[in-house]
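# Examination of the molecular architecture
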Amino acid sequence: MATPMDSASGGDSAAASCGERHGQAQLASGGSADEITFKVVFKKQTHIVSMEKSKTVGELKKSAEDLTGVPVSMMKLMFKGLLKQDQLTLDEVGIAAGSKLMVVGSTISDVLAVTAPVSAASKSTASAGSDVKRTKLSEQEKHKKVISKGKPDDVLVGIVGQQDPLPLQPLTGMVNNINGKVRLTFKLETDELWIGTKVRTDKVGMSQIQSIVAEPIVGHEDYHVMGLQLGSSEQSRYWIYWVPSQYISSIKRTVLGHL
């Protein structure tokens, strides 16, 4: 027969054993003891993130892309300054439970937000798919509206029938589809194309640009309409007008790696 002390001891043992099993179950279902929970803020929206401290900054950026829609190639992740070294772990850069990080950058939607509202006329044109395909870009309604406003005052000289290398300085004197000034800077050292407007500069990884379409402007064949496809569909094209014709081949070769 067990004494009262024996029974108490046995009960404590059983409780401890039960507690251990409960703790193990929690670890099995709720992640490892290495896991930390912190905040990622983007545009006044706070996301709660749980990751293991051994995960890298690069892995965190990929998770942040899923949460915010900001591509890693266009993202700045801030924590006590800019997090540049993707190979470092969260622990190594000092991210701990309760830390607050900030994502700075533009989503694809932000980049394409410069697209003017689609008019009823352009909607009807788009619905006639086969007709649109047979119509030159510069004669499509959505492009004609921009082109009809004329060349920008600072447009560069265009040359028909000539292929020139890209100049050392940015390409300027162009506009986007709300007639806002655009400059293109080709950052070969970082493999980025910087799309600059009056209000901001979007740094786009060249590998992110899926394709480039370009056609001469009817009546102004020394200039092109050019569309940079930033996503998987044609709807993600960023349109640029009054691109000097002599630079089109060099732009395609530089960005896409081939003609």
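Residues numbered from 1 in each chain as written. Predicted model: local features only at pLDDT ≥ 70, side-chain atom pairs only at ≥ 80, totals over all residues. Heavy atoms only, no water.

Quick look at the confidence of the model for the protein chain now. Averaged over all residues, the pLDDT of the protein chain is 82; the fraction at 70 or higher stands at 77%. The low-confidence segment residues 1–30, where pLDDT is below 50, has 5 contacts with residues more than four positions distant or belonging to other chains. Segment residues 118–132: pLDDT under 50, and 6 contacts once partners within four positions in sequence are set aside and those in other chains are kept. (pLDDT = per-residue confidence, 0-100. Contact = heavy atoms within 4.5 Å.)

Turning to the pattern of salt bridges, a few remarks are in order. With the rule as written, the count across this model stands at 4 salt bridges. Where Asp 86 meets Lys 61, a salt bridge forms, and the shortest distance between an N and an O atom there is 2.8 Å. Linking Asp 86 in the loop between strand E3 (75–78) and strand E4 (100–105) with Lys 61 in helix H2 (residues 57–68), this pair joins segments that are 25 residues apart in sequence. Classification of Lys 61 by relative accessible area gives buried; the value is 8%. (Salt bridge = Lys/Arg side-chain N within 4 Å of Asp/Glu carboxyl O. Helix = DSSP H or I, 4+ residues; strand = E, 2+ residues; numbered from the N terminus. Buried < 20%, exposed > 50% of the residue type's maximum accessible area, 1.4 Å probe, protein only.)

A separate point is the sheet that holds strand E2 (residues 45–52). Neighbouring strands of a sheet are bound in pairs by backbone hydrogen bonds; such pairs are parallel or else antiparallel. Ordered in space as E2-E1-E4-E3, the 4 strands form an open sheet in which the pairing is mixed. Because the sheet does not close on itself, it has two edges, and the strands there are E2 and E3. The average undirected angle you get between the axes of adjacent strands in this sheet is 30°. Taken together, the 4 bridges between E3 and E4 define a ladder with antiparallel strand orientation. Bridge pairing in E4 links Met 75 to Gly 105. (Pairing = 2+ DSSP bridges. Axes fitted to C-alpha atoms, helices over the stretch in contact; angles between N-to-C directions.)

Right, let's talk about the packing of aromatic side chains for a bit. Applying the stated criterion across every chain, the model contains 1 aromatic pair. When the centroid spacing of 5.7 Å and the interplanar angle of 75° are considered together, the rings of Tyr 223 and Trp 242 count as edge-to-face. Of this pair, Tyr 223 sits in strand E10 (residues 220–229) while Trp 242 sits in strand E11 (residues 237–244), and the two are 19 residues apart along the sequence. Assigned by exposure class, Tyr 223 and Trp 242 land together as buried. Positioned above the aromatic ring of Trp 194, the side-chain terminus of Lys 187 is 4.6 Å from the ring centre. (Phe/Tyr/Trp six-rings, centres within 6.5 Å; stacked < 30°, edge-to-face > 60°. Lys NZ or Arg CZ within 6 Å of the ring centre and 35° of its normal.)

Within the open sheet, the 7 strands sit side by side as E8-E7-E6-E5-E11-E10-E9. Their pairing is antiparallel. In this open sheet, the two strands that pair with only one neighbour each are strand E8 (201–205) and strand E9 (211–217). Put simply, the sheet's adjacent strands are angled 30° from each other on average, direction ignored. Looking at chain direction, E10 and E11 are connected through 7 bridges and run antiparallel.

So, on to the pairing of strand E5 (residues 171–176). Remark: a regular strand shows side chains that alternate across the two faces of the sheet. Within E5, 5 of the 6 residues are buried, which leaves the element mostly enclosed by the surrounding structure. Note that E5 and strand E6 (residues 181–187) share 3 bridges and pair antiparallel. The partner of Val 175 across the bridge, within E6, is Lys 181. Between E5 and E6, which pair antiparallel and follow one another directly, the connecting turn spans 4 residues, one of which, Asn 179, has a positive phi of 65°. Summarising the sheet, E5 and E11 pair through 2 bridges and their orientation is antiparallel. Among the inter-strand pairings, Val 175 is bridged to a residue of E11, identified as Tyr 241.

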